[in-house]
Amino acid sequence: MPSQRALAQVVLHQRQKTVPFEYKSIEAHHLYLVKIGVVMSEDSNNIDRRTMLKSLTAGAIYSIAAPSIVQAKSSMSPVDFPSISEDVSPQSLAINESFWARVAPFYDTAQGIVNLEHGYWGKMSRPVQEDFVANTRKVNTELSYYARKHYADDQIISSNKVAEALGAKNEELVLTRNATESIHNLIRQYNALGPNDAVLYTDIDYPSFKDTMQWLATSRNIEAVEVVLPAQADQKQILDTYIETFDKHPNLKLMLLTHVSNQHGLVLPVAKISAIAKLRGIDVICDCAQSWGLLDFNIHDLNVDWAGFNLHKWIGSPVGVGALYMKNGSLSKISPYPGESDPDNTKANARVHTATVNFASILTIPAAIDFHQRIGGKNKEARLRHLRSLWVNEARKMPHIEVLGALDDESASGMGAFRLKGKTSLQDAQALQKRLEYEFGVFTVVRVGLDSGCCIRITPQVFTCANDMSQLVLALKNLA
């Protein structure tokens, strides 16, 4: 095992190569590392020193400013994918580290940082990436000849592939650039509000969507109602909160309903809430930006008329691919996009106008869905839930940590969030994110918008290993 001074020298050398740092002598830097807990003084006993030293010498902490990229040694196709026995349940497969270690090489890996911020967008697998590169070359070679003569047919193939995977009819599904575009269009073009109506959103909704719901209420001179959910909640608490709000506001006409919250991964009982809302004449726009691929479901499981999706998060498509679902018979309440015409209210694609898109991204959709299905939606959901449990179960035992989101299994997804108890400001969360990154080599993201305050979101992926979660747990212990 290296000496404390030698370890400090290695860490200092790495930091000097990558980021400006005020401690220029080995001795001064060693004292700093002792202070922050990266290395220990000889009489310290409040950290698993051997574990932290192993992390350091593995390069997980001191190379974080400029992570390198490691590619799989050879191209892999789904044919090489490890077999999954029909006799093995998703829950059993979820804890099989050997299986997921064979899945991980299908993804290029960034070294030098434990990245637990995969909720922004998802990584393409190597087969999908190679398909995307080939499609990019094709489009770049054939240019407008292809775009004007053949792209429309290929786009329909991709759109129908998404519809089939979601369990929707082809005419109910329109490709967009992201869920934000889909949801914004639904909110802005909703036309069934009267002078005494009200609209509803929740503190756990995506901040941009909350702003758009507020804009809708202001522009129509009607009431905007915000539901505040508990910082930790189960399915019954969530449902009861919505029912209570419906009772208090009988004039509600439209609500935004998030399937999985982007802040802390809380799963809402969408179908149950929607069923009650429909009985009361409340229309529902469902935000599925984070849920499809994180959870295994089809559109009929949600019991909603309108929903927006991302394919570049958990389905694994190239960036810039989303979808808009509009159930047959529901188009009359969503006006066509300004300038578009749909006198018979039969064209879902008249509700968006994406103009020029990344053609190659759209062409790569079938490959992305195929690879996602090769892993299996249920298997992916179970694995991500398991990875969340590895840190949440430990964090809940720590008196200085507040775990946010789900209290029961039904309310949990693979995403999660936490903060230091009593530290709820944006400045607190930003300082915590920096500590996790620069002291412990764990990359996360600050989330805002919860009524209870800001937090740090933790989002693993299928190529994340149990050791990565152990490094997070070790960091959480040493935040005390």
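Right above here is the structure, for reference.
Described in the following lines is the structure provided in the data block. Quick caveat, the model's predicted, so the values are computed rather than measured.

**Considerations on the layout of surface pockets**
Where empty space is left becomes clear once a probe the size of a water molecule has been rolled over the atoms.
Here is step 1 of the chain: The volume enclosed by the second largest pocket comes to roughly 390 Å³.
Here is step 2 of the chain: Forming the boundary of the second largest pocket are 25 residues, of which Gly119, Tyr120, Tyr206, Asn310 and Lys313 lie nearest the centre.
Here is step 3 of the chain: Classifying every residue of the lining of the second largest pocket gives 10 nonpolar, 9 polar and 6 charged.

**Comments concerning the packing of aromatic side chains**
Here is step 1 of the chain: Counted under the stated rule, the structure contains 15 aromatic pairs.
Here is step 2 of the chain: Ring plane angle 90° and centroid distance 5.7 Å describe the contact between phenylalanine 81 and phenylalanine 371, whose orientation is recorded as edge-to-face. Here phenylalanine 81, found in the loop between strand E1 (68-70) and helix H4 (90-94), pairs with phenylalanine 371, found in helix H13 (residues 365-375); they are 290 residues apart in sequence, far enough to count as distant. You'll find phenylalanine 81 and phenylalanine 371 in the same group, each marked buried.
Here is step 3 of the chain: Look at tryptophan 292 and phenylalanine 309: their rings are 6.0 Å apart centre to centre, the planes differ by 70°, and that puts the pair in the edge-to-face class. Of this pair, tryptophan 292 sits in the loop between strand E9 (283-288) and strand E10 (306-310) while phenylalanine 309 sits in strand E10; the two residues are 17 residues apart in sequence, bridging distant segments of the chain.
Here is step 4 of the chain: Exposure remark for tryptophan 292: the relative accessible area of 5% places this residue in the buried category.

**Re the state of the cysteines**
Here is step 1 of the chain: Using the criterion set out here, one finds 0 disulfides in the structure.
Here is step 2 of the chain: Here cysteine 288 stays free of any disulfide, with the sulfur of cysteine 286 as its closest cysteine sulfur at 3.7 Å.
Here is step 3 of the chain: On the basis of relative accessibility, which here comes to 0%, the residue cysteine 288 falls in the buried class.
Here is step 4 of the chain: Cysteine cysteine 454 shares no disulfide, and the gap to the nearest cysteine sulfur, in cysteine 455, comes to 7.2 Å.

**A few points about the sheet that holds E10**
Here is step 1 of the chain: The sheet built from 7 strands is open, its strands ordered E4-E11-E10-E9-E8-E5-E6 with mixed pairing. Looking at the sheet topology across the chains shown, the edges are occupied by strand E4 (173-176) and strand E6 (223-227). On average, adjacent strands in this sheet sit at an angle of 20° to one another, irrespective of strand direction.
Here is step 2 of the chain: Direction of pairing for E10 relative to strand E11 (residues 322-326): antiparallel, over a ladder of 5 bridges. The residue of E11 that forms the bridge with tryptophan 306 is methionine 326.
Here is step 3 of the chain: Contacting E4, E10 and E11, helix H7 (residues 151-166) crosses the sheet at an angle of about 120° to E4.

**Here's the deal with the pairing of strand E8 (residues 252-258)**
Walk down a regular strand and you will see the side chains alternate between the two sheet faces.
Here is step 1 of the chain: Summarising burial for E8: 6 of the 7 residues are buried, a large majority.
Here is step 2 of the chain: The sheet contact formed by strand E5 (residues 198-202) and E8 spans 3 bridges and is parallel. Counterpart to valine 199 in the pairing with E8 is leucine 254.
Here is step 3 of the chain: Where E8 lies against E9, 5 bridges are found, and the strand directions are parallel. Directly across from methionine 255, in E9, lies its bridge partner valine 284.
Here is step 4 of the chain: Following the chain from E8 across helix H11 (residues 270-279) to the adjacent parallel E9, one finds a crossover that is right-handed.

**Some thoughts on helix H14 (residues 377-395)**
Here is step 1 of the chain: With 19 residues, H14 ought to run about 27 Å at 1.5 Å a step, and its terminal C-alpha atoms sit 27 Å apart, in line with that.
Here is step 2 of the chain: The largest bend along H14 reaches roughly 30° and is located at serine 389.

**A short note on the sheet that holds strand E15 (residues 445-447)**
Think of a sheet as strands paired side by side through backbone hydrogen bonds, with each pair either parallel or antiparallel.
Here is step 1 of the chain: Spatial strand order, E7-E12-E13-E16-E15: 5 strands in an open sheet with mixed pairing. Single-partner strands in this sheet number two, and they are strand E7 (232-233) and E15.
Here is step 2 of the chain: As paired elements, E15 and strand E16 (residues 455-458) share 3 bridges and run antiparallel to each other. Note on E16: the bridge partner recorded for valine 445 is arginine 457.
Here is step 3 of the chain: Lying on the sheet, H14 is in contact with strand E12 (401-406), strand E13 (416-420) and E16; it crosses E12 at an angle near 130°.

**Some details on unusual backbone geometry**
Here is step 1 of the chain: If you check the backbone angles, asparagine 303 has positive phi at about 60° while not being a glycine.
Here is step 2 of the chain: Among the secondary structure elements, asparagine 303 is positioned in the loop between E9 and E10.
Here is step 3 of the chain: For asparagine 345, which is not glycine, the phi dihedral falls at a positive 50°.
Here is step 4 of the chain: You can see asparagine 345 is positioned in the loop between E11 and helix H12 (359-363).

**A look at helix H6 (residues 126-149)**
Here is step 1 of the chain: With 24 residues, H6 extends only 29 Å from end C-alpha to end C-alpha; this falls clearly short of the ideal 34 Å at 1.5 Å per step.
Here is step 2 of the chain: Its axis deflected by about 100° at leucine 143, H6 carries its strongest bend there.
Here is step 3 of the chain: When we look at burial in H6, the residues that qualify are Arg126, Pro127, Val128, Phe132, Asn135, Val139 and Tyr146.
Here is step 4 of the chain: Each element contacted by the buried residues of H6 is listed here: H7, H12 and H13.

**Some thoughts on empty space enclosed by the protein**
Here is step 1 of the chain: Summed over all chains, the structure comprises 3 cavities of 30 Å³ or more.
Here is step 2 of the chain: In this model, the largest cavity occupies a volume close to 80 Å³.
Here is step 3 of the chain: Residue lining of the largest cavity: 15 residues in total, with Tyr107, Lys123, Ile315, Gly316 and Lys380 positioned closest to the centre.
Here is step 4 of the chain: Of the residues assigned to the lining of the largest cavity, the class counts are 8 nonpolar, 4 polar and 3 charged.

Calculation criteria
Numbering of residues starts from 1 in each chain and follows the order in which that chain's sequence is written. Residues qualify for local features only when their pLDDT is at least 70, as the model is predicted, and side-chain atom pairs are given and counted only at 80 or more; totals for whole chains, interfaces and linings, by contrast, use all residues. Each side-chain value is worked out from all heavy atoms of the structure, with water and hydrogens disregarded. Throughout, the protein atoms alone are placed on a 1 Å grid, and a set of points is a cavity if a 1.4 Å probe fits but cannot get out or a pocket if it is open with protein on both sides within 12 Å along at least five of seven lines; lining residues have an atom within 4 Å of a point. Grid points are joined across faces, edges and corners, and a volume is the space filled by probe spheres set on the points. Amino acids are sorted into nonpolar (Ala, Val, Leu, Ile, Met, Phe, Trp, Tyr, Cys and Pro), charged (Asp, Glu, Lys and Arg) and polar (every other residue, Gly among them). What counts as a ring pair is set by centres within 6.5 Å for rings of Phe, Tyr and Trp (its six-membered ring), and what kind of pair is set by the plane angle: stacked under 30 degrees, edge-to-face over 60, tilted for all other angles. Labels follow the DSSP assignment, with helices taken as runs of H or I lasting at least four residues and strands as runs of E lasting at least two, numbered in each case from the N terminus. Each residue is assigned to one of three classes by its accessible area relative to the maximum for its type, calculated with a 1.4 Å probe on protein chains only: buried under 20%, partly exposed between the two thresholds, exposed over 50%. Only a pair of cysteine sulfur atoms within 2.5 Å qualifies as a disulfide here. Pairing between strands is defined by DSSP: at least two bridges between the two strands are required. In this analysis an axis means a line fitted to C-alpha atoms, helices contributing only their contacting stretch, and an angle means the value between N-to-C directions, from 0 to 180 degrees. Any two residues whose heavy atoms approach within 4.5 Å are treated as being in contact. If you view a crossover with the strands going away from you and the path from the first strand over the helix to the second runs clockwise, you call it right-handed. By this rule the span expected of a helix is its residue count minus one, scaled by 1.5 Å. Here the bend at a residue is taken as the angle between two axes, fitted respectively to the seven residues that end there and the seven that start there.

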